[in-house]
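# Results of the structural survey
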Amino acid sequence: MSDASFPVADFASSRRNVTALAEGPFTLLNGAPLSTTLSVPWERLSRGPTGGRFSTHIGGDDGTPARPLILDSEFEDIAYNDRRCPTDVEKLIGDRKFLAQHAYAVAASTLSLFESTMGRRLAWKCRGHRLALELFEPISYEDSGYDGARGVIRFGHRHDPRARKHVPLALYRDVVTHEVTHAIIDGYRPHLADPDGTFDEHAMHESMADVVAMLSVFSSTERVVEQLQATINTEEGFDGRDDEIVQSGLFGVADGLFSHTDRGRPALRDPQAEAAAPVQSHPALRRIVPEGTPADWRSITEPHQRGTVFSNALMDAVLVLWRTRMDRPGGRSSEFQIGESGAKVGRQVLAMLIRGLGYTPPIDVTFDDLLRGILAADFVVMPDDSLDYRAVVRKSFAPAGISAAADDDLDGLAGLRDLRYPVRLSALASDPEEVYRFLWENPAILRAAAIDPDVSLVVERVRPSLRVAPDGFIVSEIGASFVQQVPMSAHEARNRLGLRTRDPVVLRGGGLIRFNEGGRLSFAALKPVLDSERQQQRLDEAAGPSVIGMAEPEIAARRAAVFGYMHGPTRR
Ligand SMILES: [Zn+2]
């Protein structure tokens, strides 16, 4: 193939549409599984399909590997012949090539969403650039999931009364999105899954994975409109029917999803039971509005349940903002108008959440930190918040007692104004040594982070990010994170900080700092290390006994168990 036949100019930014299931194998339209096209980055694909960031692996029923999906010989492996979705449920369930294409498309579009929203490439935590998706494994639902150490997501299959053959879990779009989101977050914020992490951190993993999975589907105008058309009598008009619209739109869209129940088990859907009790039958989503937030949620330690508090608040914001958009002139003029507003809000809130992750501290993150991150990141790209998105988001989190500083104080720079910049901007964007130099030259930051001067701190990463704000301007920033971990005997912890502990401890802390395009500090989220009040709370809330003193294999097992127990009570 000559270079001339290949669209070089468009390659870096161009995308291809790949057919995938809109939700899962049992969401039907006119009797056929409902499919959609997902936009994924254009890349060279080899057997599998295998791209630069994902490979797909499928053992056949008899243990044989699946054949490659690359079909177009003229363009070799640059072009890709999209495979159509089978129109028959049984055929779909048995079509391994479509399964691989679907999983690849969902995974690649999820990673692409994160990368384009955060304005940077995101690496996996495991060594290597490619995450393996094992799509038809002889394992149970509880054992399906992300394994960070191996860089693999394994998906099992199971019997479902609606089909003769076993149904691959990877056919559910939300399951794939959920697991890939775990992998993305684990690569970006590895400490969130520390075995020594807090309940909030483990719950945050679960909550974000769920919200991204739900809103990825709800972000499709086509899908929301389709759902409204299928369930709402449009002849009566839409005024005064907001509750019905919301039930049909947001919750109806989720009906075909696999979604976790509150016990981390699959929602086995029974059409008869659902007809009898339509509102309660989809626990993961439908608990959101009617039940509100339990007052004692901070005592909930199971990550799914605790994570629901965060998901609920965010989905509540989606509903409020959707209604606000409907209230604008002509907002209820057609189901298309309504559906488009809903999907738009879904995309916007999803982007707020993903951007917010980039404004959280690297370690000991709480729900309050994530809320602050969401608001702070939004403030940077949308200083003029004409529709009051930030106020709505704040209000949605208030009943759970999750709060953040006022907009003007979100940057965390009080007391950090007169800083020294004996650094080179080019090096600051890429070199941890340069970031360390900046920190060293500015003791005010080290004091604010209560860094122990006798223990080394580690600048873990430095990355430039380029984002396009909704007004079309490029927001260019540098983000850097540093962490300090101070081991102390129980005696030292009591004497130095007055901590109540009988065990040795590791005091952790550090911060995320961001620089604007002029190389000036524009944001700081700090977690003070030698802060007795914070560390005592941290000790009281730790998700398990400290791993300090444990052998490496034991720590690795504990780390693996974090994702294990995220996925079902059987592993606890
Ligand atoms: Zn999970």
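Everything quoted here is computed from the prediction, not taken from an experiment.

Scanning the protein chain from N- to C-terminus turns up 19 helices and 14 strands. When burial is assessed residue by residue, the protein chain has 46% of its 572 residues classed as buried. Residue pairs at least 24 apart in sequence account for 67% of intrachain contacts in the protein chain once pairs closer than 6 positions are excluded.

The end-to-end C-alpha separation of helix α4 (residues 199-218) is 28 Å, in line with the 28 Å expected for 20 residues at 1.5 Å each. Counting buried positions over the 20 residues of α4 gives 20, a clear majority of the element.

Pairing between sheet strands relies on hydrogen bonds along the backbone, with the strands arranged either parallel or antiparallel. Across the sheet, which stays open at both edges, the four strands sit in the order β5-β6-β8-β7 with mixed pairing between neighbours. Two strands lie at the open edges of the sheet, namely β5 (54-57) and β7 (145-147), each paired on one side alone. When strand polarity is set aside, the average angle formed by the axes of neighbouring strands in this sheet is 20 degrees. Note: β5 against strand β6 (residues 131-134), four bridges, orientation parallel. The residue of β6 that forms the bridge with Ser 55 is Ala 132. Relative to β5, helix α2 (residues 96-118) is tilted by about 155 degrees, and along the sheet it contacts β5 and β6. Where helix α3 (residues 173-188) meets the sheet, its contacts fall on β6, β7 and β8 (152-154), and the angle it forms with β7 comes to roughly 25 degrees.

Once that is clear, we can look at unusual backbone geometry. Glycine aside, the phi torsion of most residues is negative, and most peptide linkages are trans. Even without a glycine there, the phi angle at Asp 364 is positive, about 55 degrees. The buried category is assigned to Asp 364, around which 28 C-beta atoms lie within 10 Å. The backbone of Ala 450 shows a phi angle near 45 degrees, a positive value even though the residue is not glycine. Judged by C-beta crowding, with 18 C-beta atoms within 10 Å, Ala 450 ranks as partly exposed.

In terms of nonpolar packing, the biggest core is built from 133 residues, with Ala 103, Ala 107 and Val 318 touching the most fellow members. Counting residues per element, this core draws most heavily on α2, which supplies 13 residues. Excluding residues that lie within four positions of it along the chain, Ala 103 makes contacts with Thr 56, Leu 133, Leu 135, Ala 170 and Val 176.

Moving on, we get to the packing of helix α5 (residues 221-231) against helix α11 (residues 335-357). α11 packs onto α5 with a crossing angle of 135 degrees between their chain directions and a minimal axis gap of 8 Å. When the axes of α5 and α11 are compared, the pair comes out oblique. Between α5 and α11 lies a crossing of right-handed hand. Side by side, α5 and α11 meet where Thr 221, Val 224, Val 225, Leu 228 and Gln 229 of the first sit next to Glu 335, Phe 336, Ile 338, Gly 339, Glu 340, Gly 342 and Ala 343 of the second. Of the residues in the contact of α5 with α11, the class split is six nonpolar, four polar and two charged.

Per-residue pLDDT for the protein chain has a mean of 83; in total, 84% of the residues score no lower than 70. In this model residues 260-290 is a low-confidence stretch, pLDDT under 50, and it forms 45 contacts with partners more than four residues away in sequence or in other chains. Below pLDDT 50 for its whole length, residues 568-572 participates in 12 contacts with residues either more than four positions away or in separate chains.

Moving on, we come to the sheet that holds strand β12 (residues 474-488). An order of β11-β12-β13-β14 is seen for the four strands of this open sheet, with the pairing classed as antiparallel. Edge positions in the open sheet fall to β11 (458-468) and β14 (521-527), since each of these has one partner strand only. Each strand of the sheet is rotated relative to its neighbour by a mean of 15 degrees, with strand direction disregarded. Across 10 bridges, the pairing between β11 and β12 is antiparallel. Note on β12: the bridge partner recorded for Ser 465 is Glu 477. Sheet strands in contact with helix α15 (residues 432-440) are β11 and β12, and its direction is about 105 degrees off that of β11.

Reading the values: rules and limits
- Residues numbered from 1 in each chain as written.
- Predicted model: local features only at pLDDT ≥ 70, side-chain atom pairs only at ≥ 80, totals over all residues.
- Helix = DSSP H or I, 4+ residues; strand = E, 2+ residues; numbered from the N terminus.
- Buried ≥ 20, exposed ≤ 12 C-beta atoms within 10 Å, placed from the backbone.
- Contact = placed C-beta atoms within 7 Å.
- Expected span 1.5 Å × (residues − 1).
- Pairing = 2+ DSSP bridges.
- Axes fitted to C-alpha atoms, helices over the stretch in contact; angles between N-to-C directions.
- Core = buried A, V, L, I, M, F, W, Y, C linked by C-beta atoms within 7 Å.
- Parallel < 35°, antiparallel > 145°, perpendicular 65-115°, else oblique.
- Left-handed = near helix turned anticlockwise from the far one by under 90°.
- Nonpolar A, V, L, I, M, F, W, Y, C, P; charged D, E, K, R; others polar.
- pLDDT = per-residue confidence, 0-100.

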